[in-house]
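Understanding the architecture of this molecule
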Amino acid sequence: FTMLWTKAQKMGHKTPMLASLIAAAVLLPNAEARASGVSTIDVQQDRVVLHFDGYVEKASTLLIDGPHRIAVDIGGSDNGARLAIPRGIVSSVRQGQFAPGTTRVVFDLAQPALIAGGGFSSDGRSLTLMLRPAGFADFSQASKRGRRLYLPPPAFRAAPPRSRYSLTIPLEAPTKGLPRPRILGPAGRPLVVIDAGHGGHDPGAISPATGVREKDLTLKIALKVRDALLASGRVRVALVREDDRFYVLHERSAIARNIGADLFISIHADSAGASEANGATIYTLSEVASDREAAALAARENKSDIINGVNLSGESKDVANILLDLAQRETMNASSSFANLLRRESNGLIPFRAGYHRMAGFQVLKAPDTPSILLEVGYLTNDADVQRLTSPEGQSQIAQGIRRAVEVFFARRLAQR
């Protein structure tokens, strides 16, 4: 790979149009898309900031030893930038086209330094990397860990370029209704629905060290959890997906609610800019998100939803609002109770972060009358977590921890009734 000064690419067609009617219908003038690129690079004493003139797909960093360098590869970028004036830890900056659609920026270091943190801005138009001085041995060890991946927010992530032209084909309207997953286990038992996060065209987080994809890992763990729960014989179990397929977020909780789930568990794997982040985290619905969901549901003209066995269609607006609020509060309390049980019953099986229970407005947690949690089983950006999560033993320990918590959760509910 030879570093070259990057020049702006010329636009225009370089191949003749195909002489056929279908080609004439889809090949439009000026259809060649210009890739986003690095517009400017700012170097400060303890950080570097790359600004983009459009949305990019991703970025990854690589520490290179002998001499000490930091390489930043930007996917979905084809044009160069105005280079920064070196300062602080950075002694010089170079850039070039590493591969089609990927720009590489190399920061030569005046002394060994590690990436202490950073990430994309909220609008996906800049990437900040925090730097801190390090010893020679620490830099050498860090350079052996491979790439670290950074992804812009999904709403501001450029799609990978596939062709200079686009073809639009009308498709049939989507099939109404949601699929009904298989329900396994003894009749009459409580129903637990396990949701393996991501799937299909959405890989989720990707380990920079091993390349393992979140969608594959969550499915393997979900299957382990299903088998462990079925072996207990105390609950019925259904999986939102049993293979590599994609569902929109709100469809996942809707599928669970449509089959009468008594508990919903969504399994994910986390990622972070810093490789030191590790351990599992449990999320339940926040009060703000709960209030918004209840308000949206109460505002529907046709309140045909049945909440906790009560059909709201025959109730006044005020009564419906009260019933929704009560249902939401009861569900949130039950969700938090299960989160605490999962932490307790998984002691010695699943390593959790210090602040293991957090609240957020995840779409999959918004079923108004189904206790729901989102379990981040660990970080794919942490080598120890990846080793634990990809091992059969680690996956079985997660399954056993969930099984224990589920058994205690429903035993308590039965005793209360």
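Please refer to the structure placed before this passage.
Let me begin by describing the structure that accompanies this report. (Residues numbered from 1 in each chain as written. Predicted model: local features only at pLDDT ≥ 70, side-chain atom pairs only at ≥ 80, totals over all residues. Heavy atoms only, no water.)

A word on the sheet that holds strand β5 (residues 90-99). Sheet architecture is open: 5 strands sit in the order β5-β6-β4-β3-β9, paired in antiparallel fashion. Strands at the two margins of the open sheet, each flanked by one partner only, are β5 and β9 (148-150). Taken over all neighbouring pairs, the strand axes of this sheet differ in orientation by 20° on average, direction set aside. Sheet topology note: the strand β4 (residues 69-75)/strand β6 (residues 102-109) ladder contains 7 bridges and is antiparallel. (Pairing = 2+ DSSP bridges. Helix = DSSP H or I, 4+ residues; strand = E, 2+ residues; numbered from the N terminus. Axes fitted to C-alpha atoms, helices over the stretch in contact; angles between N-to-C directions.)

Right, let's get into the pattern of salt bridges. Following the criterion strictly, the structure yields 15 salt bridges and no others. Two residues, glutamate 407 and arginine 234, come together in a salt bridge whose shortest N-O distance is 3.6 Å. Residue glutamate 407 is found in helix α8 (residues 392-416), and its partner arginine 234 is found in the loop between α3 (214-232) and β11 (236-239); the two are separated by 173 residues along the sequence. Glutamate 407 gets classed as buried once you look at its relative accessible area, which sits at 19%. Linking glutamate 345 and arginine 344 is a salt bridge whose minimum nitrogen-to-oxygen distance equals 2.6 Å. A relative accessible area of 46% means that arginine 344 is categorised as partly exposed. One network of salt bridges, in which partners are shared, links Arg182, Arg226, Asp227 and Glu242. (Salt bridge = Lys/Arg side-chain N within 4 Å of Asp/Glu carboxyl O. Buried < 20%, exposed > 50% of the residue type's maximum accessible area, 1.4 Å probe, protein only.)

Attention now goes to the nonpolar core. Among the nonpolar cores identified, the biggest contains 42 residues, and Val192, Ile194, Ile265, Phe338, Leu342, Leu375 and Val406 are the most heavily contacted of them. Contacts of leucine 375, omitting those with residues within four sequence positions, involve Ser266, Ile267, His268, Ala280, Thr281, Ile282, Leu342, Phe352 and Ile402. Core analysis: the second largest hydrophobic core is formed by 29 residues, Ala59, Leu63, Leu127 and Leu129 among them. (Core = buried A, V, L, I, M, F, W, Y, C linked by side-chain atoms within 4.5 Å. Contact = heavy atoms within 4.5 Å.)

We now examine the packing of aromatic side chains. Counted according to the given criterion, the structure contains 4 aromatic pairs. Each ring, one from phenylalanine 52 and one from phenylalanine 120, has its centre 6.0 Å from the other, and the planes form 35°; the classification is tilted. Of this pair, phenylalanine 52 sits in strand β2 (residues 47-52) while phenylalanine 120 is found in strand β7 (residues 113-120), placing the two residues 68 residues apart along the sequence. With centroids separated by 6.0 Å and ring planes inclined at 70°, the aromatic side chains of phenylalanine 352 and tyrosine 356 adopt a geometry described as edge-to-face. Through a chain of ring-to-ring contacts, the aromatic side chains of Phe338, Phe409 and Phe410 assemble into a single cluster. Taking NZ or CZ as reference, arginine 125 lies 5.3 Å from the ring centre of tyrosine 55, over its face. (Phe/Tyr/Trp six-rings, centres within 6.5 Å; stacked < 30°, edge-to-face > 60°. Lys NZ or Arg CZ within 6 Å of the ring centre and 35° of its normal.)

There is about 1500 Å³ of room inside the largest pocket. What lines the largest pocket is a set of 48 residues, among which Leu151, Arg157, Asp202, Gly204 and Ala205 lie closest to the centre. Sorting the residues of the lining of the largest pocket by element identifies β3 (58-64), β4, β7, β9, α4 (249-258), β12 (263-270) and β17 (372-379) as the ones contributing at least two each. Residues belonging to the lining of the largest pocket are distributed by class as follows: 25 nonpolar, 13 polar and 10 charged. (1 Å grid on protein atoms, 1.4 Å probe; cavity = no way out; pocket = protein on both sides within 12 Å on 5 of 7 lines; lining within 4 Å. Points joined across faces, edges and corners; volume = space filled by probe spheres on them. Nonpolar A, V, L, I, M, F, W, Y, C, P; charged D, E, K, R; others polar.)

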